[in-house]
Amino acid sequence: DVKVTQSSRYLVKRTGEKVFLECVQDMDHENMFWYRQDPGLGLRLIYFSYDVKMKEKGDIPEGYSVSREKKERFSLILESASTNQTSMYLCASSFPLGNQPQHFGDGTRLSIL
Amino acid sequence: EDKVVQSPLSLVVHEGDTVTLNCSYEVTNFRSLLWYKQEKKAPTFLFMLTSSGIEKKSGRLSSILDKKELFSILNITATQTGDSAIYLCAVYNTNAGKSTFGDGTTLTVKP
């Protein structure tokens, strides 16, 4: 079974802090994704990556950056956390091609105070 | 800009009812439409649809795609409380290399 593991289930940080969210997958997937999920807004794509050291902006990349130094790990970085980044963050991975389902982690509920 | 619209946004039914969830889309370079179920945690994959008119079925759940009218439906028959979840629809854009998700339909099944 595919496992996508996010490092924290809940996280509380302060405004202005640099925040790291980590995601690891064990299925050798090329593609990895970071989404945020807010009530009534569905899943919105922040960044995604096709391969090691590759990254592509999603629909809402402002205020975020990512790092993919190893194939199995994809990190989301909030450079200077703000209260409007309080959200549920979901990581996903998949094989390439569009006809492959994404496998999701359990999410990190991040609160910025 | 790609767009996926799900309706209704929320739905409350009783056990045993049949429900139909809708997903319409405007996506350039369409490749596939996927349905996911999200309970407390991670969304889990239900169906992937690529061709019009071919029903995918799994137990009490079924789904079909209409590529001419640009929509899909997800049917759940004889609903159970365990069907309570957010149902997400996503459409993959081949050229962009990414999926666009709808806002989801929150289904509540009461005993």
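Further up the page is the structure itself.
Residues numbered from 1 in each chain as written. Chains lettered and ligands numbered in written order. Predicted model: local features only at pLDDT ≥ 70, side-chain atom pairs only at ≥ 80, totals over all residues. Heavy atoms only, no water.

Caption draft 1: Spotlight on the interface of chain B and chain A. With 20 residues of chain B at the contact, the number on the chain A side is 21 residues. When chain B packs against chain A, close to 1700 Å² is buried across both sides, 55% of that on carbon and sulfur atoms. Looking at the side of chain B facing chain A, the largest losses of area belong to K41(B), K98(B) and F101(B), adding up to 27% of the total buried there. The salt bridge partner of D59(A) is K98(B), with a shortest N-O separation of 3.1 Å. Applying the counting rule to chain B against chain A returns 5 residue pairs in polar contact (both at pLDDT 80 or more). It is strand β4 (residues 30-38) of chain B that contributes the most residues to the side of chain B that touches chain A, 5 residues altogether. A per-class count over the side of chain B that touches chain A returns 10 nonpolar, 5 polar and 5 charged. (Contact = heavy atoms within 4.5 Å. Buried area = accessible area lost by both parts, 1.4 Å probe. Salt bridge = Lys/Arg side-chain N within 4 Å of Asp/Glu carboxyl O. Polar contact = N/O pair within 3.5 Å; in protein donor to acceptor, adjacent residues only side chain to side chain. Helix = DSSP H or I, 4+ residues; strand = E, 2+ residues; numbered from the N terminus. Nonpolar A, V, L, I, M, F, W, Y, C, P; charged D, E, K, R; others polar.)

Caption draft 2: Spotlight on the pattern of salt bridges. By the definition in use, this model includes 10 salt bridges over all chains. Of the charged contacts, one joins K71(A) and E30(A) as a salt bridge, the two residues approaching to 3.7 Å between their closest N and O atoms. In this pair, K71(A) sits in the loop between β7 (64-70) and β8 (73-78) while E30(A) sits in the loop between β3 (19-25) and β4 (31-38), placing the two residues 41 residues apart along the sequence. For K71(A), a relative accessible area of 24% gives the class partly exposed. For D83(B), the salt bridge identified is with R60(B), shortest N-O distance 2.8 Å. Of this pair, D83(B) sits in the loop between β8 (71-76) and β9 (85-93) while R60(B) sits in the loop between β6 (56-58) and β7 (61-66), and the two are 23 residues apart along the sequence. Overlapping salt bridges bring together D28(A), E30(A) and K71(A) as one network. (Buried < 20%, exposed > 50% of the residue type's maximum accessible area, 1.4 Å probe, protein only.)

Caption draft 3: Spatial organisation of the side chain of Q37(A). Mapped onto the elements, Q37(A) comes out in strand β4. For Q37(A), a relative accessible area of 14% translates into the label buried. Polar contacts involving the side chain of Q37(A) include one to the side chain of Q38(B), which spans 2.7 Å. Here Q37(A) is in contact with G42(A), L43(A), S87(A), M88(A), L90(A) and Q38(B), once residues within four sequence places are set aside.

Caption draft 4: A look at the state of the cysteines. Overall, the coordinates contain 2 disulfides over all chains when judged by the stated rule. There is a disulfide in this structure between C23(A) and C91(A), and the S-S distance comes to 1.9 Å. Across the disulfide from C23(A) to C91(A), rotation about the S-S bond amounts to roughly -80°, and the bridge is consequently left-handed. Of this pair, C23(A) sits in strand β3 while C91(A) sits in strand β9 (residues 87-94), and the two are 68 residues apart along the sequence. A relative accessible area of 0% places C91(A) in the buried class. Disulfide pairing is shown between C23(B) and C89(B); the S-S distance is 1.9 Å. Measuring handedness by torsion sign, the sulfur bridge of C23(B) and C89(B) sits at about -65° and is left-handed. With C23(B) in strand β3 (residues 19-26) and C89(B) in strand β9, this residue pair connects regions lying 66 residues apart in the sequence. C89(B) matches C23(B) in its accessibility class, with the two residues each being buried. (Disulfide = S-S within 2.5 Å.)

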